[in-house]
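Coordinate analysis (summary)
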Amino acid sequence: MSSSINRTINCDALTRLAQAIAIAISATLAGCQTSAQLPDAETAAQPHTITARIKQKPIFLSASQRHQAPQDVWERMREGFQMQDGIDVNPRVEQQRLWFVSNPAFLETAADRGSLYMHYIVERLEERDMPLELALLPVIESAYNPMAYSRANATGLWQFIPSTGRYFNLRQTNLYDGRRDVTASTTAALDYLSRLHDIFNGDWLLALAAYNAGEGTVTRAIERNVRLGLPTDYWNLSLPQETRDYVPKLLALSEVVASPEAYGVNLTPIENKPYFQVVEVNQRVDLSRVAALANIDEDEMYQLNPAFKQRVTTVDGPQRLLIPTAKAQLLTASLSSMKPEELLSLRPTRAVTEQAVAEVTPSQRKSYRVRKGDNLAMIAKANRVSTRDLQLWNKLSGQRLKVGQTLVMQDTRRDSKRTTAVAARNDKRSSVTLAKNDARTTRYKVQKGDSLYIVAKRFNVEMQHLKSWNPRTGKALKPGQTLIVYRDR
């Protein structure tokens, strides 16, 4: 009996001792801020202070503490490189890297041009989680020159040929070329690269090869290797020499950008913030006038908006401009206080008018060779144009034609308000032109009490024609002033 009691006492003492040790260990562990916790039953039995210490919430670093955003676009770009594996040991990449190292001025010049666009392109790539090496692709394609033009009729930063540009909704007219539009062409290029990336099962090297040579060329090269039992990765494909060099160029360039100092290249820092801002204009404006209003260098204005080929926005083009961020607010305020006519100079106005008249697609431009028995009215009817237009377009003063003579035909059947306005101007011009050609000239000295209406009525001519014949004449005539009048024979 006593021995059992002693055993019980000893057991109780040992239990209390074990509990005390457990509490001490728990307190020590909690003081070290570990994540270890006691079982629930024992935790409930501990003093409140110990429990509080055990359940302390972990301290998380804020995003800014974990990673400070780079101040330089080049650094931001390096952090997003995704295609660097195996570059150091690839001889084809090494060959291209040696060229860049031997020609540092090329990259430095392209980088200076690209400083206007790189932040925008890097942001668009990041939004799509695409490799930031692709921000260097315009260096390979165009040396970051938005007006660059190739023998294959490719143009713009991303060098779209006409057909591919149209496929990706890049509008091309005599006045506007979307392939040279910085934002529109960037969207199209990233859409195209993403599509190729999907086609080639997530392989960026094959996607880049297809961007250069076309997806059909790359697909056929893969199929050939499959038939021969050869590897089908980019490095083992039989491709045109330009395409064999294309991907190594981009990879070599990205390596130089990753460590420019190591290769003796001086990359001027590009501030990591938007260089330009989109400003809606909603009217035709002359880029030189806009530059003057916002105190922007005229060349810089055109570098940001190179798609407007006559340096004036168009009715059928995008109604917006890219403006340096620092000047966007000033321009917006200026535009709101100006009349539309104040935003167009005389010379761009003239260019827009002339180009709009001639703006037809190649398929719409056609000619006709005069045959024996033809007359102007017959040819006009067969081609669904007016006799008057035929005379105007071919500078004909009368109806006479010569066999073998080539006549220019212009199909004006286009359903747009702009076309209707152009046609109206054509009619007006043609009537004036014919009046001049088929008339004799009279010089009339303005008398006291004369007006344009009175003079036009006196000579039985249209007042609008009288105005067009005397463009420097104001609404009020002065006695002694000379007017030119074309009268029918």
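Overview of the structure.

**Quick look at the overall build of the protein**
Along its length, the protein carries 23 helices and 6 strands. Evaluated residue by residue, the protein yields a buried proportion of 43% over its 489 residues. Partitioning the contacts of the protein with sequence separation of at least 6, the portion at a separation of at least 24 is 66%. Accessible surface computed for the protein: about 27,900 Å², of which carbon and sulfur atoms make up 51%.

**Here's the deal with the nonpolar core**
If you look at the biggest cluster of nonpolar residues, it comprises 69 residues, and the most contacted ones within it are Met77 and Tyr211. In this structure, Tyr211 is in contact with Leu137, Glu141, Trp158, Phe160, Ala189, Tyr192, Leu193, Leu196 and Tyr246, ignoring residues within four places of it in sequence. Counting 18 residues, the second largest nonpolar core, distinct from the first, contains Ile296, Ile323, Leu331 and Leu335.

**Points about the environment of Gly165**
You can see Gly165 is positioned in helix H10 (residues 162-167). For Gly165, a relative accessible area of 0% corresponds to the buried category.

**Comments concerning the packing of helix H12 (residues 204-213) against helix H13 (residues 215-228)**
Running from N to C, H12 and H13 cross one another at 125°; their axes reach a closest spacing of 6 Å. Judged by the inter-axis angle, H12 sits oblique to H13. In this structure, H12 contributes Leu206, Ala209, Ala210 and Ala213 to the contact, and H13 contributes Glu215, Thr217, Val218 and Ile222. Taken together, the residues of the contact of H12 with H13 break down into 6 nonpolar, 1 polar and 1 charged.

**Comments concerning unusual backbone geometry**
Unlike most non-glycine residues, Tyr144 shows phi in positive territory, near 60°. Within the secondary structure layout, Tyr144 lies in the loop between helix H9 (137-142) and H10. Residues other than glycine seldom take positive phi values, yet Asn153 does so here, at roughly 65°. Topologically, Asn153 is positioned in the loop between H9 and H10. Residue classification places Asn153 among the partly exposed positions, given a relative accessible area of 38%.

**Observations regarding helix H11 (residues 182-199)**
The end-to-end C-alpha distance of H11 is 26 Å, a good match for the 26 Å that 18 residues give at a rise of 1.5 Å each. Among all positions in H11, only Val182, Thr183, Ser185, Thr186, Ala188, Ala189, Leu190, Tyr192, Leu193, Ser194, Leu196 and His197 are buried.

**Some words on the pattern of salt bridges**
Inspection of the entire model under this criterion finds 12 salt bridges. The shortest N-O distance in the salt bridge between Arg78 and Glu75 comes to 3.1 Å. Taken together, the residues Arg78 and Glu75, both in helix H5 (residues 73-79) and 3 residues apart, mark about one turn of the helix. Here Glu75 falls in the partly exposed class, since its relative accessible area comes to 33%. The closest approach of N and O atoms between Arg128 and Asp191, which form a salt bridge, is 2.9 Å. Here Arg128, found in the loop between helix H8 (118-127) and H9, pairs with Asp191, found in helix H11; they are 63 residues apart in sequence, far enough to count as distant. Look at Arg128 and you get partly exposed, because its relative accessible area is 33%. Under the relative-accessibility criterion, Asp191 is labelled partly exposed at 34%. Several salt bridges share partner residues, and in doing so they unite Arg76, Glu123, Arg124, Glu126 and Glu127 into one network.

**Description of the environment of Arg78**
C-alpha separation for the pair Arg78 and Ala258, spaced 180 residues apart in sequence, amounts to 5.9 Å. Every residue in contact with Arg78, bar those within four places of it in the chain, is listed here: Val257, Ala258, Pro260 and Leu267. A distance of 2.7 Å separates a polar atom in the side chain of Arg78 from the backbone oxygen of Val257.

Cut-offs applied
Residues numbered from 1 in each chain as written. Predicted model: local features only at pLDDT ≥ 70, side-chain atom pairs only at ≥ 80, totals over all residues. Heavy atoms only, no water. Helix = DSSP H or I, 4+ residues; strand = E, 2+ residues; numbered from the N terminus. Buried < 20%, exposed > 50% of the residue type's maximum accessible area, 1.4 Å probe, protein only. Contact = heavy atoms within 4.5 Å. Areas by Shrake-Rupley, 256 points an atom, 1.4 Å probe, with all protein chains shown as cover. Core = buried A, V, L, I, M, F, W, Y, C linked by side-chain atoms within 4.5 Å. Axes fitted to C-alpha atoms, helices over the stretch in contact; angles between N-to-C directions. Parallel < 35°, antiparallel > 145°, perpendicular 65-115°, else oblique. Nonpolar A, V, L, I, M, F, W, Y, C, P; charged D, E, K, R; others polar. Expected span 1.5 Å × (residues − 1). Salt bridge = Lys/Arg side-chain N within 4 Å of Asp/Glu carboxyl O. Polar contact = N/O pair within 3.5 Å; in protein donor to acceptor, adjacent residues only side chain to side chain.

Geometric descriptors of this kind do not, in isolation, establish any biological role.
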